[in-house]
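# Breakdown of the fold
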Amino acid sequence: MDKIYYNGNIRAMDAEGSVCSAIGIEEGRICFLGSDEEALGLDAAERIDLAGKTVLPGLIDSHLHLLNYAFVKGSYRMGSATSIAEIIEEGKRLIGAGLEEGVWLYGRGWNHDNFTDEQRFLTRFDLDQISTEVPILFIRNCGHVAAVNSLACEKVLASKGIEAYLDQIDVEKGILTEASVKSCYNVMAEPSVARIKELILGAQGDFAKCGITTIGSDNFLSLPGRNPYTIMQAFNELEEEGALTLRVQEQASFTCCEDLATFLDRGYRAGGKGDFYSIGPVKLFQDGSLGARTARMNEPYDGTDTCGTIVHPQEELDELVDLAYRSGMSLLVHAIGDKASDMVMDSYRKAIDRHGRRDARLAINHLQLVSEDLFDRMKEYDILAFIQPVFVASDKGMVAGLVGEERAGRSYAWKTMLDKGLILCGGSDAPVESFDVLENVEIALTRDKIGECTEGWHPWEKLTIDEALRAFTIDNAYGMFLEDKLGSLEIGKLADLAILSADPYETDSHRIHEIKVARTVVGGKEVYVNE
């Protein structure tokens, strides 16, 4: 065989919870699992002493935005900003440093809840203080609200098709919400295929550092131009060149039925030519975010008369879901508020009842605040739950203030989901949050921020270490229709490994984030080494 790792603590994450000390790899697949003594009797071109380290299946993130992460990485990253004044001054500095002609000043990550001068959204009046000659787009950390300066606002209002989103734009303040945020990408310069390839290659190494070998990624709306076909071309070319070392399943995102129909009419369906880039579910959005007060609720936010935003009226959502489902596609729909997830479930039920049950692995993404009967309805129709434990660290301090204690008690209810028989698929939604899986796992166990050490927020909803790790390995593989290839260490499966400095099962739950990734292996090849 090509390679044997031995003297390790190898957790297979299979149905039996198997643990062994040696693993053999041949032609990119697992060909042996057993003891060190058994491994000694096998021929191998290379033998690697794990020195007691723990081996897990390659970690999987069920939902993030790779290209938007890469795009944001090279822009003004605003997550640490604590005031509007700070953002204005940094913006001026960046303008002064020089931008290419026609290029927008782009930033992402501001959060008005962290501002110490005024806790409000940024406006065009703030951004006009930076420049009135360079278009500026600063997106909130959630991605569902943005501020533009006057010049950028003029360009957006003059763009093709903006009429459909005018109700999402506060022209006076230069504040955009939901789909209108992404409309800015329609007037920004579209990157070339070569540039997209650079962005992908610049990002995949960061995922390897976290032991991540596979992701579900919503990329189609992530870049200026919002061109799914150049994005697919970039990924496919990289795979053909042998340059991809991260397995990417595309969550094909669309905002209207016309664009989805065009995609399907061109013959695109789930799957791929190789092992690294494939088409996965159709991805839709049904509401916004809690922090932006655009997550759609059944009842108004406390102290207001607003219930948030609906992206698609029920009839339109029904049409989108029906088109995808009858075309043989799976679906993943963003729903954070209880009304939004109720509407998604209604659309799923109608499509299944109309066209019959099949193994579609339909899913609802986020499920942050839900109606009391939603999980029972999801279980009846085998709907998967895509969750992001890391959101609790950011949101737990504000949820009750937004929706009251009773509704807050129905939020981020992961243990209840498991008790109801749902399958949990763990993700990060990066760049909204960090894609460090070990941080995400820690928060699933503690329901604390990293660095806190309390009993945890709503501690009855904590997961165990096994439940959390399964959500980022074998259960994620199931959600992607990849459970026969990935997600557990079993003979015949692809040799994707995350080799860790310590065993998460034996580590204090508040210190799991301190565990280091020593090596990341994809298809038997080491793509990251930190020893």
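For the structure given in this document, a descriptive report is provided here. (Residues numbered from 1 in each chain as written. Predicted model: local features only at pLDDT ≥ 70, side-chain atom pairs only at ≥ 80, totals over all residues. Heavy atoms only, no water.)

## Topic: the packing of helix α2 (residues 66-73) against helix α7 (residues 193-209)
It is the contact of α2 with α7, at a shortest axis distance of 9 Å, that shows an interaxial angle of 95 degrees. Classified by the interaxial angle, the pair formed by α2 and α7 is roughly perpendicular. Contact residues: α2 offers L66, L67, Y69, A70, F71 and K73, while α7 offers I196, L199, I200, G202, A203, D206 and F207. Per-class residue counts for the contact of α2 with α7 are 10 nonpolar, 1 polar and 2 charged. (Axes fitted to C-alpha atoms, helices over the stretch in contact; angles between N-to-C directions. Helix = DSSP H or I, 4+ residues; strand = E, 2+ residues; numbered from the N terminus. Parallel < 35°, antiparallel > 145°, perpendicular 65-115°, else oblique. Contact = heavy atoms within 4.5 Å. Nonpolar A, V, L, I, M, F, W, Y, C, P; charged D, E, K, R; others polar.)

## Points about the packing of aromatic side chains
If you walk through the whole model with that rule in mind, you get 16 aromatic pairs. For the pair Y229 and Y268, a centre-to-centre distance of 5.9 Å together with 40 degrees between the ring planes defines the contact as tilted. Placement of Y229 in helix α8 (residues 228-240) and of Y268 in the loop between α9 (257-265) and β17 (277-285) is noted, with a sequence separation of 39 residues between them. Judged by relative accessible area, Y268 falls into the partly exposed class, the value being 28%. Aromatic pair F263 and Y268: ring centres 4.9 Å apart, planes at 10 degrees, arrangement stacked. Through pairs of rings, three or more aromatic residues link up here, namely F220, Y229, F254, F263 and Y268. Seen from the ring of F276, R247 lies directly overhead, with NZ or CZ sitting 4.6 Å from the centre. Sitting above the plane of the Y229 ring, R266 keeps its charged end 4.0 Å from the centroid. (Phe/Tyr/Trp six-rings, centres within 6.5 Å; stacked < 30°, edge-to-face > 60°. Buried < 20%, exposed > 50% of the residue type's maximum accessible area, 1.4 Å probe, protein only. Lys NZ or Arg CZ within 6 Å of the ring centre and 35° of its normal.)

## Considerations on helix α5 (residues 150-157)
All of the buried residues in α5 are S150, A152, C153 and V156. Projected onto a plane normal to the axis of α5, the buried residues spread over an arc of 160 degrees and lie on a single side. Where α5 is buried, its residues touch α4 (124-128), β11 (136-140), β12 (145-148), β13 (169-170), β14 (175-177) and α6 (179-183). (Arc of directions from axis to C-beta.)

## Considerations on the pattern of salt bridges
Scanning the model with the defined rule gives 35 salt bridges in all. Notably, a salt bridge pairs E90 with R93, separated by 2.7 Å at the nearest N-O pair. Placement of the pair is E90 and R93 together in helix α3 (residues 84-97), with a separation of 3 residues, close to one helical turn. For E90, a relative accessible area of 22% corresponds to the partly exposed category. The shortest N-O distance in the salt bridge between K283 and D218 comes to 3.1 Å. Taken together, the positions of K283 in strand β17 and D218 in the loop between β15 (212-217) and α8 put the pair 65 residues apart, joining distant regions of the chain. The exposure classification of K283 matches that of D218, with both residues buried. One network of salt bridges, with partners in common, ties together K53, R519, E526 and E531. (Salt bridge = Lys/Arg side-chain N within 4 Å of Asp/Glu carboxyl O.)

## Focus: unusual backbone geometry
For the bond from A430 to P431, the omega torsion is 10 degrees, close enough to zero to count as cis. One non-glycine residue, N7, lies in positive phi territory at about 60 degrees. Mapping N7 onto the fold places it in the loop between β1 (3-6) and β2 (9-11). Residue classification places N7 among the partly exposed positions, given a relative accessible area of 33%. One non-glycine residue, R226, lies in positive phi territory at about 45 degrees.

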